[in-house]
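Structure at a glance
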Amino acid sequence: MLEQINNLRERGQNELNALTGTDQLPEWYHRYLGRKGDLTSLLRQLKTLPAEERPEMGKVINKVKQELQKLFESRQQTLRESKLDLQLEIDDLDVSLPGRPCTPGHLHLTTQTLRRIYQIFREMGFQVYEAPEVESDEFNFQLLNIPQYHPSRDMWDTFWVNDKVVLRTHTSPGQIWAMREYFPEPIRVILPGKCYRYEQITPRSEHQFYQVEGLAIGKNIRLTDLIGVMGEFAHKMYGEERKIRIRGSYFPFTEPSIEIDMSCSCENKGCRLCKNTGWLEVAGAGMVHPVVLSNGGYDPEEWTGFAFGMGVERPALLKHNIDDIRYFYNNDLRFLHQF
Ligand code: FA5
């Protein structure tokens, strides 16, 4: 039997060395090392030997099996490498050719503007707070002191999902979410997000746009604090040369209410963006109405606060001298690449 084993090993080695491609390897493997291979059948023959010879012979067969297994693996490696070498030699592949350049994109102008706004308000101690984009009538209107059928609802042309649910028309409902979450702590947050209005699209108005709401609640917060914060924001965002203008206004959820305008980049020459007025409205604001404070859980006898809501695209129009808001979401790369 020993002779048989030695012959098998020699034959196996010679045949393995004679193989010329990886495709021939499986056949060799099955013949020698497989379940029905020659070595397995030798192991089966062990039982025909006298009992005292069996352990010794078993060991020899297993050793040959391991040897052939190792030889197989190294031959496999060699054949794989030579296959690759051959491929590289015959293929017309020039690995030194540079690949096609992949142009990296960049942040959308709206995202860049939002990040700048976050940075400026962060420096003034405001945290970012996120509120839902699909709102109930209750949060979007009623809790903000706008009862059903109140004429002031006409200020917001609304996309209704059904008779109780709306796509938020402004970020102001976030005030209620923030107050109810932070109560009874003082608050200083900004609430960014998308708003929707069933509105005529013009150079200054889109039907989807971003707003950033601001809310500060504390003891002894006054209108002058609001004006100070907005002035600081305007100068950091647009430079000292831009002017802001405060006008009295009306919002059901603030009392008193103001509107904040920024001088237009046309420098009072008049353009279609500012409708030839030299000013562009960027935010509505005011002192949080006592009803809204109570709806948020804060006692209006004890607490006061200011709130503002500003567009994001409109400040970007001003900053970059863009004369039409519709460029933002047309996805024209010639526009987007400029920023
Ligand atoms: C509001 O939406 C109030 N919620 C703002 C507010 C908040 C007042 C807190 C008081 C206290 P208004 O409808 O004016 O107000 O919108 C605020 C800003 O959003 C506008 O100044 C403008 O910058 C931007 N904006 C409004 N409508 C559009 C639109 N269709 N397209 C682009 N920007 C818009």
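Residues numbered from 1 in each chain as written. Predicted model: local features only at pLDDT ≥ 70, side-chain atom pairs only at ≥ 80, totals over all residues. Heavy atoms only, no water.

Topic: the domain arrangement of the protein
- Each assigned domain of the protein is listed with its residue range as follows: domain 1 (2-91) and domain 2 (109-336).
- Between domain 1 and domain 2, the C-alpha centre-to-centre distance is 78 Å. (Domains from an automatic or database assignment.)

Notes on a positive patch on the surface
- Side chains of Arg-35, Lys-36, Arg-44 and Lys-47 sit close together on the surface and give a patch of like positive charge.
- Tracing the backbone through its elements, the reader meets Lys-47 in the loop between α3 (38-45) and α4 (54-90).
- Given a relative accessible area of 61%, Lys-47 falls into the exposed group. (Patch = residues over 30% accessible without salt bridge, like charges linked within 9 Å, V, L, I, M, F, W, Y side chains within 5 Å. Areas by Shrake-Rupley, 256 points an atom, 1.4 Å probe, with all protein chains shown as cover. Salt bridge = Lys/Arg side-chain N within 4 Å of Asp/Glu carboxyl O. Lys, Arg positive; Asp, Glu negative; His and termini not counted. Charge placed at Lys NZ, Arg CZ, Asp CG, Glu CD. Helix = DSSP H or I, 4+ residues; strand = E, 2+ residues; numbered from the N terminus. Buried < 20%, exposed > 50% of the residue type's maximum accessible area, 1.4 Å probe, protein only.)

Some remarks on the pattern of salt bridges
- Enumeration over the complete set of coordinates arrives at twelve salt bridges.
- The partner of Arg-245 in a salt bridge is Asp-261, with the nearest N and O atoms 2.9 Å apart. Of this pair, Arg-245 sits in strand β6 (residues 244-251) while Asp-261 sits in strand β7 (residues 254-263); the two residues are 16 residues apart in sequence, bridging distant segments of the chain.
- You can call Asp-261 buried: its relative accessible area is 2%.
- Among the ionic contacts, a cluster of salt bridges with common partners joins Glu-15, Glu-27 and Arg-31.

Topic: the confidence of the model for the protein
- Residues at a pLDDT of 70 or more form 100% of the protein, whose mean pLDDT is 91.
- Per-element mean pLDDT across the protein ranges from 84 in helix α10 (residues 313-320) up to 98 in strand β4 (residues 187-196). (pLDDT = per-residue confidence, 0-100.)

Re the packing of helix α1 (residues 2-18) against α4
- The contact between α1 and α4 brings their axes to 11 Å, and the two run at 5°. Comparing the axis directions of α1 and α4 gives the class roughly parallel. Of the residues in α4, those in contact with Leu-2, Ile-5, Arg-9, Gln-13, Leu-16 and Asn-17 of α1 are Met-57, Val-60, Ile-61, Val-64, Glu-67, Leu-68, Leu-71, Phe-72 and Arg-75.
- When grouped by side-chain class, the residues that make up the contact of α1 with α4 number ten nonpolar, two polar and three charged. (Axes fitted to C-alpha atoms, helices over the stretch in contact; angles between N-to-C directions. Parallel < 35°, antiparallel > 145°, perpendicular 65-115°, else oblique. Contact = heavy atoms within 4.5 Å. Nonpolar A, V, L, I, M, F, W, Y, C, P; charged D, E, K, R; others polar.)

Regarding the pairing of strand β9 (residues 304-311)
- The buried count for β9 comes to seven of eight residues, which makes it a mostly enclosed element.
- Across eight bridges, strand β5 (residues 208-218) lies against β9 in antiparallel orientation. Paired with Ile-217 across the two strands is Gly-305, which belongs to β9.
- Two elements, strand β8 (residues 279-288) and β9, share five bridges in a ladder whose sense is antiparallel. Bridging across to β9, Gly-284 finds its partner in Gly-309. (Pairing = 2+ DSSP bridges.)

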